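An overview of the molecular structure
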Amino acid sequence: MTERLVDVAAAALGRDPVELRRQNLIDSGAFPYETAVGATYDSGDYEPVLDRAADAVAEEPRGGELDENGRLRGVGVACYTESTGGGFESGVVRVHPDGSITVTAGTHDHGQGHGTTYAAIVADELPVGPADIKVVEGDTAQGPTGTGTFGSRSTIVGGNAVAEGATAVREKARRIAAAELEADPEAVSIVEEGFAAGDGRCSFATVASSAYGRGLPEDLEPGLEATTFYELDETAYTFGAHAVAVAVDPETGELEFERYVAVDDCGVQVNPKLVEGQVHGGVAQGIGQARSEHATYDEEGHLEAATMLDYALPRATDLPDIETRAQETPSPTNALGVKGIGEAGTVAAPPAVVSAVTDALPGVDHVDMPLTDEAVASALEESEK
């Protein structure tokens, strides 16, 4: 609604919609920024993402211009912020006597790639490779109760829970290594596959074995693991700008995507490929909302789209090639500097698509979702009348 209002305002003022947005962006030096409704944006650098999105479609035809195939062309741009994180999350980092690690988290992975992400976070704290780290999620028979996966929260909350646990394990392992190396703990550094002090070296596997047997300092309890419950004190806000170029058949209302460019900033990216996948999934859902998804009812109030046979989810053939570009503005709300990304595309895609289609239709200032071919053709017909 907000993004569509900006476009309508730009039209009423005779302004370029991108320039009107740029004029009203929060300056990068104003963060943390408290909004008029009381939310506090943690960090941001908004203008570069808007510029990159707008520049990507700068040469695309727009404003209802006809292309060589007689199609009406239009461009839409949308900015967004998304609150991410929230609630507590549990994390357990357990080192076994052979030096392998099991990470247990209260989140649940159903395609997001948490196992890859959590293993990378632990491997950054401890001298082990991701291949030696097993990740278990969403199983209270093996770990403490967590909150779950939703609201773009897993890496920012679950990831930080795991990171804090790994840090605690690292410091205890350092003290055990100091006893093995007959050195002060502060003199022990982490090296590849283990610890070092002066000319002395000991492997992480040796430290793990000592934690469960001989060699454990008297002031330490046996074992090498840590359980953490992590909760954010403040919300982290992901942001970005998406740009869309479309072509509309004036006879049938058939819509084709010529370009879709997503420029997103979710803070520090633990794994950029997983971030890209999350953006793709979000944009797919957002395009589905803009183009086809609709809960329709008959005259007696019965839901007509009650099954997936009737409810028009987006399919691969409905989607364009999604060009993803990233910016990293770390969040000060958490030690990893991360923000959520899973739902970003669902926020940005609907207004960007609606604005692009509206721009392509002469005399039309708005079309309600879903923008089916029939709805687009009807809007054109009404405008011509």
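Just so it is clear, the structure is predicted and the values come from calculations on it, not from any experiment. (Residues numbered from 1 in each chain as written. Predicted model: local features only at pLDDT ≥ 70, side-chain atom pairs only at ≥ 80, totals over all residues. Heavy atoms only, no water.)

Comments concerning the overall build of the protein chain
Secondary structure assignment for the protein chain yields nine helices and 14 strands. Its C-alpha atoms put the protein chain at 90 × 50 × 40 Å along the principal axes. Per-residue burial over the protein chain gives 48% buried out of 385 residues. A fraction of 70% describes how many contacts in the protein chain between residues 6 or more apart in sequence connect residues 24 or more apart. (Helix = DSSP H or I, 4+ residues; strand = E, 2+ residues; numbered from the N terminus. Buried < 20%, exposed > 50% of the residue type's maximum accessible area, 1.4 Å probe, protein only. Contact = heavy atoms within 4.5 Å.)

Things to note about the sheet that holds strand β8 (residues 189-191)
Strand order in the open sheet formed by three strands is β8-β9-β10, with antiparallel pairing between adjacent strands. Looking at the sheet topology across the chains shown, the edges are occupied by β8 and β10 (200-203). Neighbouring strand axes in the sheet, compared pairwise and without regard to direction, differ in orientation by 30 degrees on average. The sheet contact formed by β8 and strand β9 (residues 194-197) spans three bridges and is antiparallel. Residue pairing in the sheet places Ser 189 in a bridge with Ala 196 of β9. Each of β8, β9 and β10 touches helix α5 (residues 154-181); the most contacted strand, β9, lies at about 50 degrees to it. Taken strand by strand, helix α6 (residues 204-211) contacts β9 and β10, and its axis lies near 70 degrees from that of β10. (Pairing = 2+ DSSP bridges. Axes fitted to C-alpha atoms, helices over the stretch in contact; angles between N-to-C directions.)

Thoughts on the packing of aromatic side chains
For the structure on display, the rule yields five aromatic pairs. Each ring, one from Phe 88 and one from Phe 229, has its centre 6.0 Å from the other, and the planes form 50 degrees; the classification is tilted. Separated by 141 residues along the polypeptide, Phe 88 in strand β5 (residues 88-95) and Phe 229 in strand β11 (residues 225-231) bring together distant segments of the chain. Taken together, Phe 31, Tyr 46 and Phe 239 form an aromatic cluster joined through their ring pairs. (Phe/Tyr/Trp six-rings, centres within 6.5 Å; stacked < 30°, edge-to-face > 60°.)

Brief notes about the packing of helix α1 (residues 2-13) against helix α8 (residues 344-360)
It is at 9 Å that the axes of α1 and α8 come closest, and there the two elements cross at 30 degrees. When the axes of α1 and α8 are compared, the pair comes out roughly parallel. When the axes of α1 and α8 are compared, the crossing they make is right-handed. Taking contact as the criterion, the partners of Glu 3, Arg 4 and Asp 7 in α1 are, on α8, Pro 351, Val 354, Ser 355 and Thr 358. Looking at the contact of α1 with α8 residue by residue, the class counts come to two nonpolar, two polar and three charged. (Parallel < 35°, antiparallel > 145°, perpendicular 65-115°, else oblique. Left-handed = near helix turned anticlockwise from the far one by under 90°. Nonpolar A, V, L, I, M, F, W, Y, C, P; charged D, E, K, R; others polar.)

Here we look at the nonpolar core
The tendency in soluble globular proteins is for nonpolar side chains to be buried as a group. Counting residues in each nonpolar core, the largest one holds 34 residues, and the members touching the most others are Val 244, Val 246, Tyr 260, Val 353, Val 357 and Leu 361. Secondary structure elements with two or more residues in this core: β4 (72-84), β12 (236-248), β13 (255-265), α7 (272-291), α8 and α9 (373-384). Broken down by element, the residue count for this core peaks at nine residues, all from α8. In contact with Tyr 260, not counting residues within four places along its chain, are His 242, Ala 243, Val 244, Val 283, Ile 287, Pro 320, Asp 321, Ile 322, Glu 323, Ala 348, Ala 349 and Val 353. Counting 33 residues, the second-largest nonpolar core is a separate cluster that includes Leu 126, Val 128, Ala 208 and Ala 226. (Core = buried A, V, L, I, M, F, W, Y, C linked by side-chain atoms within 4.5 Å.)

Examining the state of the cysteines
Two cysteines, two sulfur atoms, one covalent bond between them: this is a disulfide. Summed over the entire model, instances satisfying the criterion amount to zero disulfides. Free cysteine: Cys 79, not disulfide-bonded; nearest cysteine sulfur from Cys 266 at 17 Å. You can call Cys 79 buried: its relative accessible area is 16%. Judged by its relative accessible area of 3%, Cys 266 falls in the buried class. (Disulfide = S-S within 2.5 Å.)

A closer look at the pairing of β4
Across a regular strand the side chains alternate sides, sitting on one face of the sheet and then on the other. Burial runs high along β4: 11 of the 13 residues are buried. For strand β3 (residues 65-66) and β4, the ladder comprises two bridges, and the chain directions are antiparallel. Bridge assignment links Glu 65 to a residue of β4, and that residue is Arg 73. Taking the residues between adjacent antiparallel strands as the criterion, β3 and β4 are bridged by five residues, where Gly 70 takes a positive phi near 75 degrees. Pairing geometry for β4 and β12, over 13 bridges, is antiparallel. What sits directly across from Val 77, in β12, is Ala 243.

Topic: the sheet that holds β13
If you walk across this open sheet you meet the five strands as β3-β4-β12-β13-β14, and the pairing is mixed. Looking at which strands have only one partner, the edges of the open sheet turn out to be β3 and β14 (322-327).

Considerations on helix α2 (residues 17-24)
Of the residues making up α2, those classed as buried are Val 18, Leu 20 and Arg 21. Down the axis of α2, the buried side of the element spans an arc of 165 degrees, and every buried residue falls inside it. (Arc of directions from axis to C-beta.)

Some thoughts on the packing of α5 against α6
Contact geometry for α5 and α6: axes closest at 9 Å, N-to-C directions at 95 degrees. As far as their axial angle goes, α6 and α5 are roughly perpendicular. Note on element contacts: α6 touches α5 through Phe 204, Thr 206, Val 207, Ser 210 and Ala 211, opposite Ala 173, Ile 176, Ala 177 and Glu 180. Taken together, the residues of the contact of α5 with α6 sort by class into six nonpolar, two polar and one charged.

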